Amino acid sequence: MKKVVDKNELRHLLKDGISIMFGGFMACGTPQGLVDLLLEMNVKDLTLICNDAGFPDRGIGKLIVNKQVKKLITSHIGLNPEAGKQMNEGTLEVLLVPQGTLAEQIRAEGSGIGGFLTPTGVGTSVETGKQKMTIDGKEYLLEMPMRADFAMLRGSITDTDGNIYYKGTTRNFNPLMALAADTVIVETEELVERGQIKPEDVMTLGVLVRYIVKEEKK
Amino acid sequence: MKKVVDKNELRHLLKDGISIMFGGFMACGTPQGLVDLLLEMNVKDLTLICNDAGFPDRGIGKLIVNKQVKKLITSHIGLNPEAGKQMNEGTLEVLLVPQGTLAEQIRAEGSGIGGFLTPTGVGTSVETGKQKMTIDGKEYLLEMPMRADFAMLRGSITDTDGNIYYKGTTRNFNPLMALAADTVIVETEELVERGQIKPEDVMTLGVLVRYIVKEEKK
Amino acid sequence: MITDIELAKTIIAKRIAKELRDGQLVNLGIGLPTMVANYVPENITVTFQSENGMVMMGPVPEKGKENMDITNAGGQPVTVLPGGAFFDSSMSFALIRGGHVDITVLGTLEVDQEGNIANWVIPGKKVPGMGGAMDLVTGAKKVIVASLHTEKGRSKILKKCTLPLTAKHEVNLIVTELAVMEVTPEGLVLKEINKDTTVNEVISLTDADLIIHKDLKTMGI
Amino acid sequence: MITDIELAKTIIAKRIAKELRDGQLVNLGIGLPTMVANYVPENITVTFQSENGMVMMGPVPEKGKENMDITNAGGQPVTVLPGGAFFDSSMSFALIRGGHVDITVLGTLEVDQEGNIANWVIPGKKVPGMGGAMDLVTGAKKVIVASLHTEKGRSKILKKCTLPLTAKHEVNLIVTELAVMEVTPEGLVLKEINKDTTVNEVISLTDADLIIHKDLKTMGI
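Definitions and cut-offs
Residues numbered from 1 in each chain as written. Chains lettered and ligands numbered in written order. Predicted model: local features only at pLDDT ≥ 70, side-chain atom pairs only at ≥ 80, totals over all residues. Heavy atoms only, no water. Helix = DSSP H or I, 4+ residues; strand = E, 2+ residues; numbered from the N terminus. Rg over C-alpha atoms; globule rule 2.2 N^0.38 Å. Buried < 20%, exposed > 50% of the residue type's maximum accessible area, 1.4 Å probe, protein only. Contact = heavy atoms within 4.5 Å. Areas by Shrake-Rupley, 256 points an atom, 1.4 Å probe, with all protein chains shown as cover. Lys, Arg positive; Asp, Glu negative; His and termini not counted. Charge placed at Lys NZ, Arg CZ, Asp CG, Glu CD. Core = buried A, V, L, I, M, F, W, Y, C linked by side-chain atoms within 4.5 Å. Pairing = 2+ DSSP bridges. Right-handed = clockwise from strand over helix to strand, strands pointing away. Salt bridge = Lys/Arg side-chain N within 4 Å of Asp/Glu carboxyl O. Axes fitted to C-alpha atoms, helices over the stretch in contact; angles between N-to-C directions. Parallel < 35°, antiparallel > 145°, perpendicular 65-115°, else oblique. Nonpolar A, V, L, I, M, F, W, Y, C, P; charged D, E, K, R; others polar.

*Asks:* Requested: an account of the overall build of chain C, with residues and values cited.
*Replies:* Check the secondary structure of chain C and you find four helices and 15 strands. Since a compact globule built from 221 residues should have a radius of gyration of about 17 Å, the 17 Å found for chain C is in line with a globular shape. When its C-alpha atoms are laid out on the principal axes, chain C stretches across 50 × 40 × 30 Å. Looking at the 221 residues of chain C, the share that counts as buried comes to 60%. In chain C, once contacts between residues fewer than 6 apart in sequence are set aside, the share between residues at least 24 apart is 62%. As presented, chain C carries roughly 9,300 Å² of accessible surface, and 53% of it is formed by carbon and sulfur atoms. Between the averaged position of the 22 positive side-chain charges in chain C and that of its 26 negative side-chain charges there is a distance of 2 Å.

*Asks:* Please provide a residue-by-residue account of the nonpolar core, values included.
*Replies:* Met21, Ile106 and Leu153 of chain B are the most contacted members of the largest nonpolar core, which has 49 residues in total. At the level of elements, helix 4 (99-111), strand 8 (148-159), strand 9 (164-165), helix 5 (174-177) and strand 10 (181-192) of chain B together with strand 3 (54-58) and helix 2 (89-97) of chain D are the ones that each hand at least two residues to this core. Apart from the residues within four sequence positions on either side, Leu153 of chain B is in contact with Pro31, Leu34, Ile164, Tyr166, Asn174, Met177, Ala178, Val184, Ile185, Val186 and Glu187 of chain B. Counting 48 residues, the second-largest nonpolar core is a separate cluster that includes Val192, Ile197 and Leu205 of chain A together with Leu136 of chain C.

*Asks:* Account for the pairing of strand 15 (residues 210-218) of chain C, with residues named and values stated.
*Replies:* Residues and elements named next belong to chain C. Of the pairings in the sheet, the one linking strand 14 (residues 187-193) to strand 15 comprises five bridges and is parallel in character. The partner of Leu188 across the bridge, within strand 15, is Leu210. Between the parallel elements strand 14 and strand 15, the chain passes through helix 4 (residues 199-204) in a crossover that is right-handed.

*Asks:* Can you tell me about the pattern of salt bridges, naming the residues and giving the values?
*Replies:* On inspection of all chains with the given rule, the structure shows 56 salt bridges over all chains. The salt bridge involving Arg154 of chain A is made with Glu189 of chain A; its shortest N-O contact spans 3.8 Å. With Arg154 of chain A in strand 8 (residues 148-159) and Glu189 of chain A in strand 10 (residues 181-192), this pair connects stretches of sequence that are 35 residues apart. Ionic pairing is found between Glu182 of chain C and Lys191 of chain C, a salt bridge with its closest N-O pair at 2.8 Å.

*Asks:* Run through the packing of helix 4 of chain B against helix 2 of chain D, naming residues and quoting values.
*Replies:* It is the contact of helix 4 of chain B with helix 2 of chain D, at a shortest axis distance of 7 Å, that shows an interaxial angle of 60°. When the axes of helix 4 of chain B and helix 2 of chain D are compared, the pair comes out oblique. The residues of helix 2 of chain D that touch helix 4 of chain B, namely those facing Arg107, Gly110 and Ser111 of chain B, are Ser90, Phe93, Ala94 and Arg97 of chain D. When the residues that make up the contact of helix 4 of chain B with helix 2 of chain D are grouped by side-chain class, the tally is two nonpolar, three polar and two charged.

Quick look at the structure:
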């Protein structure tokens, strides 16, 4: 299976209305070249799932500034004023989710878990519309798995099979999202041959990855 | 905090009736020196949580052969005939759990998840005594987290802070169990100074580990 | 009938190998299913997963070169091929339970026409435990049972399993040395038969009710 | 009253640092809580966690030596100390939600005498989102609120929060420049006061009802 492609070969896949999980935490570990591809194509009505709204000029924030996002599922939008502005104007739907619950929802989807109980959000507005369960006197919310059409990841080193190694804090949501989307695309800083990543060092399995694009040097 | 100890300094902790999670999968990744310490001390009435019953002469199997185990929570006992024999004789209580559910129960405990929904076991005897839930027409069992007094792990390389690196397939249940027990003890093949393990390579955080013992060369 | 058991197993393994598609993640059970790895079509690449935490398992090492830190799900030393990976049990079962394993091939004690499977316990006699079988059968996208058609003259393909189940309605395909049968909402459909048998012989050796596919084919091996 | 805000913050950070114990895992929120790291007692070792996936965060790198692959939860470049580790968000929140974080220190918009805390949204005005705050407050073993005692003359320590809550009944200790207050089943107990204030002044500057500890101490800083 040929996985390494030119960024432009992805264009036919990226249609208005798709949902995308973006790796990254305040732009660290976000595939910036794939964000830029979506910007160039001006794909509209996106549903994005990402830890945060990034910055206006970094991370997924640029897609919000360019008004390409219909719905954003995230834990934090504080460092991208445009997200709050569009939310208040009613042009951007924002679902705020506790960060740990968001990570767990993505992991649950990827791991075949039909739902899980968490105390996070009990007694707050996060409860709204959710089933509550009490076990041994402790209250929990039943949270559901979360899936997307695409996962867009940023790898530090990727081999031609799609095995990924993440440096530093770029790892964050990337390995979780690799398991929770129909089509997984990785943008990699460095591309190496099969066998160049030690088996213990593989953080995302190649078999989960469909497309690999090389990050453009700045 | 002093973590590196002689195996014998652990003796005062290991009392009859304690519960222990043992890392390892068919003895690969099981801390054999800690098994031997329990054998020498002849600690009784143990509750063991482990992927399998090991072999009669390897893994946790020796503790079963020596009749030190009261209850075994595991997914497989097929390669240790003594386990099946004691179970049939009624001297060993065995709770058989699907391997993935066992892993997830341990992870749930370590991750603060109050319970999770899985389709594994639906329509089988694994259902017994468990709450069933139907979501979008699909049936699930509600499975609960699992905890123990001790987790006994086997590391390949451990630094003096307790950061652990696992080689090959020794990893298996070890990193999960490190989060699900009151007291975590690692037996390590190699002991190194702080900073000798690359931050990306740490598979179990030192802050979770209370005691480190050096594996004895064979 | 095919009385040579080694030949029978080879037929089964070769036929199942034809179900594999490029890029798939596959789990092979112990015993006969493992033989499937020997017959992967040349033009495709599949990734084999072992539930103890690795992909791209290589051959058994030479005597004296065993590394006991790299083992298969039976605890026996193996090797890892280039491009392989090691991971923990949480990731291993995320792959299995999360639907990332495209095909799981496993042997069985019993299997029936409703797609039920029983392969983890014979009450009062043998209690090995389910290991990862319940997770695999429930979580994999496609479940293929690899089994001799009969054992001691008795059909292995039943109307209804009698032993405690591993999972309900999860089997998709049953491959024996005589036949390929697909579990469908209408019942068990006989799709292919071995060139050395007849439909009547297959029916006579099968306890389950068989629906004969209108386009019955000869088993490709 | 202490009118020098920088001094006030230093007092709070120093006092909170005295809560730390050897071997603990600690999460410090952005802003004032971060200052606690500067006052860790010399004879103990604590591990600081950052929710974006690291422990043992080091100082901000020199200008020109930034590595944008190593950042803090605010996306700013930092460094990692020897013995540190990087991990994914699943592990990061396993630490937080699984009760492995011994102490979380965070600032707040409001906190009340029942241990309720509100720090993630001002409806119609400011909606930054909860980030990891709900997880931290709910999951950490001990929750310490670091806050100035008053803001624009109004008490920050309320009878009842008015803003949407971050979590209910989860705060254990409130440390301001004037007082140390513990949330107990009986109510909010004033345990320590700054040497430069009086019980009456603290009471007059606090909206919450205070129970004066029978063994009231001077704040150790």
